[in-house]
Amino acid sequence: MSDAHAHSIAFVRETELPPAPPPTAETGAVKWVRENLFSSIFNTIMTILGLLIVLYLLSGLIPWIVNGTWEGASIRDCRETLQGSGGGCFAVLAERWPQLLFGFQYPDYLRWRPSLAFALLFLAVPPVLFFKLPRWMLVITALYPFVAYWLIWGGTAITPIFALIGVIAGYFAFTRVERQGFVLGLLAGVIVAAIMWWIGGYIAAEEPGWLRIEAVPSREMGGFMLNMILGIVCVSLSIPIGIVLALGRQSRLPVVKGFCVVFIEFVRGVPLITLLFVANVVLAYFLPPGTNFDLIVRVIIMITMFSSAYIAEVIRGGLAALPKGQYEAGDSLGLDYAQSMRLIVLPQALKISIPGIVNVAVGLFKDTTLVSVISMFDLVGMIRGPILSSTAWTGVYWELWAAACVLFFVVCYGISQYSQWLERQLRTDHR
Amino acid sequence: MAALDTNPPGMIVSDEVAIDINNMNKWYGSFHVLRDIDLTVQRGERIVICGPSGSGKSTLIRCINALEEHQQGSIVVDGTPLSSDLKDIDKIRSEVGMCFQHFNLFPHLTIMENCTLAPIWVRKIPKKEAEETAMHFLEKVKIPEQADKYPGQLSGGQQQRVAIARSLCMRPRIMLFDEPTSALDPEMIKEVLDTMIQLAEEGMTMLCVTHEMGFARQVANRVIFMDAGQIVEQNAPEPFFTNPQNERTKLFLSQILGH
Ligand SMILES: Nc1ncnc2c1ncn2[C@@H]1O[C@H](COP(=O)(O)OP(=O)(O)OP(=O)(O)O)[C@@H](O)[C@H]1O
Ligand SMILES: [Mg+2]
């Protein structure tokens, strides 16, 4: 080299170099393994240690799953079939899966109804989650809660139909009055809806047989179904309520602001489980005697309160992260408060808040298992109660809890994957 | 709904009053930012406001569309007095366009959506018509081909021109500019100033906080110098630059023109 430089720095290529393949040891998997797993002594030790741990776990897990038995009516049957081979006693899942999913009281000939409601969920949720789908599909989403309620609880169709009519009428009242002011519109909407619901309640009481399917009372709900009901209802309610609380906390009206601050700080300072006990026992004292205020509704109110306070704080962070210029640009274009919130501030603040909201949603979904403490038989309640304490299946811990883990994991992992996808989709500010 | 251009082109200063500020005072806490401001702007007039940093220029023009509240005196915009009545404020804001130093485009919306948002929601114009208008103004600021991009994909100069187009889509009768070029690189300043000059030539009433003295000489009818919250001197551009009266004006001009 230095030689070449010595006489001249000018250079003209005379022969073309043909492209050569990379050295074999340095391509693909081998290269990756060397660079990532064995790049240093420490790294090599960690890799080997990790491998050993994985091997150890698999050596226990695989025989447990592969040798496991799915047949038998009790743990004794399992022991006989397995003969100490170390396999799992999955017979309990085969025999008790309806109880794990629906609870032990839900009539077995009606299980198709919640199952159908669950299947319809896959029609109702995508229009909300995937905004590229045609907008008319939101109609399915809007109708879903009423259909699902009717399918799961049964009874006369008058109740959900009037609930729906109330919402529609309230919405129309709102759009009519909205021009006079957002709050006035909201008030009008709520009043009209309440009137329709009251009429609906009256008619349902008079005419209980109209379009009736067999009713199932709330106390018969259970299993994973109960977790799903609580999780879905509470998440969908607590996001809008959380938004309102977060906006209220920023309000210039001292009363509104004060209420929101006190509510959020109080709820965040109290463990969920105490709120559930309050829902279970204490609320009954405050209600007029004779009113039958559904336990599930009480629990939904408490969990929703709880998670909406957390979501409000997450969204407040998103609101605070927005530059002041965004508010000013909206104002200077003449948008009113509701418009600039809905069109400019919230879309951006919510986008920032997605990871936090998903975090709360996943946590909330798992916290629905706390209702087992107030003797509701959700998935955990079912396992701890009726199944493990039955003579046939006492002591089958691993299989049951593993099944519960799998069910929750599938849902929670799905939610978190969705949120990552959503974040990628919304990444519009290319900076 | 609205005809394409609210102001007939070439309209020169008339005796119709666009903005009338009388004895206006404003405090931030106990700090007296604006002191006894008296300012009357005729329709079609182009006013440049300059002054040292912190003298209250931004605060003054932000008071005109009620982004800041004033505590004493009166501001009448297009015959509507600014009061605490939200209806009046929204009416004034929809008639007064504003461009900011940092553009303040909505990053989650495309350029087209940025431009049509307010016409659709505030003016209740059908979407199609709003899009046609937006295209008209995007062509005017010479970036129609960027309509479907997001603000983050545009250069600073392009973003500021979009911001101008966005304001124009509301067909304002008055435009306020708060240092529209001071966040831009030199080569982008020109494209924004060209747009503003074009706007001035069409007779738009403009109030412009800027330190671009070339622009002031070329388009302004009047230059206002502010210091410490007061209007210290105002005059037509030629006498203002060549023959300033007040000591502070002289000092300021020597500082910004001196190098
Ligand atoms: N929100 C606020 N609270 C308190 N003081 C403020 C606030 N906004 C501005 N000020 C003060 O008011 C004075 C005038 O501010 P203003 O932004 O109007 O100045 P300016 O002339 O636009 O300056 P610049 O050329 O730096 O933009 C400054 O001293 C500033 O510190
Ligand atoms: Mg300023």
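Conventions adopted
- Residues numbered from 1 in each chain as written.
- Chains lettered and ligands numbered in written order.
- Predicted model: local features only at pLDDT ≥ 70, side-chain atom pairs only at ≥ 80, totals over all residues.
- Heavy atoms only, no water.
- Phe/Tyr/Trp six-rings, centres within 6.5 Å; stacked < 30°, edge-to-face > 60°.
- Helix = DSSP H or I, 4+ residues; strand = E, 2+ residues; numbered from the N terminus.
- Buried < 20%, exposed > 50% of the residue type's maximum accessible area, 1.4 Å probe, protein only.
- Lys NZ or Arg CZ within 6 Å of the ring centre and 35° of its normal.
- Disulfide = S-S within 2.5 Å.
- Near = heavy atom within 4 Å.
- Polar contact = N/O pair within 3.5 Å; in protein donor to acceptor, adjacent residues only side chain to side chain.
- Domains from an automatic or database assignment.

Enumeration according to the criterion identifies 18 aromatic pairs over all chains in this entry. With a centroid separation of 5.1 Å and an interplanar angle of 65°, the aromatic rings of Trp-64 of chain A and Phe-90 of chain A are classed as edge-to-face. Of this pair, Trp-64 of chain A sits in helix α3 (residues 41–66) while Phe-90 of chain A is found in the loop between α4 (75–82) and α5 (91–102), placing the two residues 26 residues apart along the sequence. Look at Trp-64 of chain A and you get buried, because its relative accessible area is 16%. With a centroid separation of 5.1 Å and an interplanar angle of 70°, the aromatic rings of Phe-130 of chain A and Trp-421 of chain A are classed as edge-to-face. Of this pair, Phe-130 of chain A sits in the loop between α7 (126–129) and α8 (138–153) while Trp-421 of chain A sits in helix α18 (residues 397–425), and the two are 291 residues apart along the sequence. An aromatic cluster is built from Trp-64, Trp-70 and Phe-90 of chain A, whose rings are joined through pairwise contacts. The ring of Tyr-28 of chain B has Lys-26 of chain B sitting right over it, with the charged end atom 4.7 Å from the ring centre. Above the ring of Phe-106 of chain B, the side-chain terminus of Arg-166 of chain B is found at 4.5 Å from the ring centroid.

All names here are of chain A. Under the counting rule described, the total for this entry stands at one disulfide over all chains. Disulfide pairing is shown between Cys-78 and Cys-89; the S-S distance is 1.9 Å. Negative torsions about the S-S bond denote left-handed disulfides, and the value of about 70° found for Cys-78 with Cys-89 makes this one right-handed. In this pair, Cys-78 sits in helix α4 while Cys-89 sits in the loop between α4 and α5, placing the two residues eleven residues apart along the sequence. For the pair shown, Cys-78 and Cys-89 are each scored as buried. As a non-bridged cysteine, Cys-234 has Cys-412 as the owner of its nearest cysteine sulfur, 14 Å distant.

Residues and elements named next belong to chain B. Near ligand 1, the surroundings consist of Tyr-28, Phe-31, Val-33, Pro-52, Ser-53, Gly-54, Ser-55, Gly-56, Lys-57, Ser-58, Thr-59 and Glu-179. At 3.2 Å, a backbone N or O of Ser-55 approaches an oxygen atom of ligand 1. One nitrogen or oxygen atom from the side chain of Glu-179 is found 3.1 Å from an oxygen atom belonging to ligand 1. Elements supplying a minimum of two residues to the shell around ligand 1: β2 (31–42) and α1 (57–64).

Turning to the domain arrangement of chain A, a few remarks are in order. For chain A, the assigned domains read domain 1 (3–66), domain 2 (160–213) and domain 3 (216–426). Taking only C-alpha atoms into account, the centre of domain 2 of chain A sits 25 Å from that of domain 3 of chain A.

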